[in-house]
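Chain by chain, the residues run as shown.
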Amino acid sequence: MDAAERLVESTRALLWERGYTGTSPRAIQERAGAGQGSMYHHFRGKPDLAAAAIRRTADELRSRARDQLAAPGPALARIEAYLRRDRDVLLGCPVGRLTQDPDVLADPTLHAPVAETFDWLCAELSAVLAEGITAGELSRALDPDDTAATIVATLQGGYVLARAAGSRDPFDRAVQGALSLLKAATP
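Please read all numbers here as calculations on a predicted model, not as lab measurements. (Residues numbered from 1 in each chain as written. Predicted model: local features only at pLDDT ≥ 70, side-chain atom pairs only at ≥ 80, totals over all residues. Heavy atoms only, no water.)

Comments concerning the packing of aromatic side chains
Geometry of an aromatic ring pair is reported as the spacing of the ring centres plus the angle between the planes.
Consideration 1: The tally for this structure, following the rule as stated, stands at 1 aromatic pair.
Consideration 2: Geometrically, the ring pair formed by Tyr 159 and Phe 171 is tilted, given 4.9 Å between the ring centres and 40 degrees between the ring planes. Taken together, the residues span a long stretch of sequence, with Tyr 159 in helix α8 (residues 144–165) and Phe 171 in helix α9 (residues 169–184) at a distance of 12 residues.
Consideration 3: The exposure class of Tyr 159 is buried, given its relative accessible area of 7%.
Consideration 4: A cation over an aromatic ring shows up here: Lys 46 above the ring of Tyr 20, its NZ or CZ 4.1 Å from the ring centre.
Consideration 5: Sitting above the plane of the Tyr 82 ring, Arg 87 keeps its charged end 4.9 Å from the centroid. (Phe/Tyr/Trp six-rings, centres within 6.5 Å; stacked < 30°, edge-to-face > 60°. Helix = DSSP H or I, 4+ residues; strand = E, 2+ residues; numbered from the N terminus. Buried < 20%, exposed > 50% of the residue type's maximum accessible area, 1.4 Å probe, protein only. Lys NZ or Arg CZ within 6 Å of the ring centre and 35° of its normal.)

Regarding the environment of Cys 122
Consideration 1: Within the fold, Cys 122 resides in helix α7 (residues 108–134).
Consideration 2: Given a relative accessible area of 24%, Cys 122 falls into the partly exposed group.
Consideration 3: Through-space distance from the C-alpha of Cys 122 to that of Pro 144 is 9.2 Å; in sequence the pair is 22 residues apart.
Consideration 4: Ignoring anything within four residues of it in the chain, the contact list for Cys 122 reads Ala 148, Ala 149 and Val 152. (Contact = heavy atoms within 4.5 Å.)

Description of the pattern of salt bridges
Consideration 1: One pass over the full model with this rule turns up 10 salt bridges.
Consideration 2: Among the ionic pairs, Glu 17 bridges to Arg 31, the shortest N-O distance being 3.0 Å. Of this pair, Glu 17 sits in helix α1 (residues 3–18) while Arg 31 sits in helix α2 (residues 25–32), placing them 14 residues apart in sequence.
Consideration 3: Glu 17 gets classed as partly exposed once you look at its relative accessible area, which sits at 38%.
Consideration 4: Taking the relative accessible area as the measure of exposure, Arg 31 reaches 40% and is therefore partly exposed. (Salt bridge = Lys/Arg side-chain N within 4 Å of Asp/Glu carboxyl O.)

Here's the deal with the side chain of Arg 78
Consideration 1: Topologically, Arg 78 is positioned in helix α5 (residues 75–84).
Consideration 2: A polar atom in the side chain of Arg 78 sits 3.5 Å from the backbone oxygen of Ala 71.
Consideration 3: Within polar-contact distance, the side chain of Arg 78 engages the side chain of Glu 131 at 2.7 Å.
Consideration 4: Arg 78 has contacts with Gln 68, Leu 69, Ala 70, Ala 71, Pro 72, Gly 73, Val 128 and Glu 131, leaving out every residue within four places of it along the chain. (Polar contact = N/O pair within 3.5 Å; in protein donor to acceptor, adjacent residues only side chain to side chain.)

Some details on the nonpolar core
Consideration 1: One finds Leu 7, Leu 69, Ile 79, Tyr 82, Leu 83, Leu 121 and Leu 125 to be the most contacted residues of the largest nonpolar core, which totals 53 residues.
Consideration 2: For this core, the secondary-structure elements that each account for two or more residues are α1, α2, α4 (46–69), α5, α7, α8 and α9.
Consideration 3: Among all residues touching Leu 83, those that are not within four sequence positions of it are Ile 151, Leu 155, Phe 171, Val 175 and Leu 179. (Core = buried A, V, L, I, M, F, W, Y, C linked by side-chain atoms within 4.5 Å.)

Some points on α9
Consideration 1: The terminal C-alpha atoms of α9 lie 22 Å apart, and with 16 residues this matches the ideal 22 Å at 1.5 Å per residue to within 8%.
Consideration 2: Each element contacted by the buried residues of α9 is listed here: α5, α7 and α8. (Expected span 1.5 Å × (residues − 1).)

Here is the structure:
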């Protein structure tokens, strides 16, 4: 792995652990085993490096979600696979945690991939829900867009509750609750 790659991967990890504000260029360099000259050779500075790291994290999140949501099978089974996939719940969502960082929200370059990821995820979930409604798996009373937003909000809230409790139990209960509501909406 070259220095640029180590810098991006180190930044990704630090953003997830500490957030943008809590991640210093020195911490990035130390974790990457790269000097200041190397960092500034590959990136214009912390914002440029963070933008690359956030884009990569967002792309990875989308890829993992796509694996479950685009898989063959009934809509509800695909959504359940997405909701129950293995996650490091106590660290929180690597993209969702960035929404709590005022510096990320204030910088359009840093904020854009975060907002785009949540928009994309809502659209993907909405499409799967619409497929389920069309196939007769889910009630026509469900609004796909509203339900998709509820699923995303439940996941993000589940992360927050789990972190607050220091246990993944609140996250698992939130997921189970969302699935129970979806299953109750089957004809």
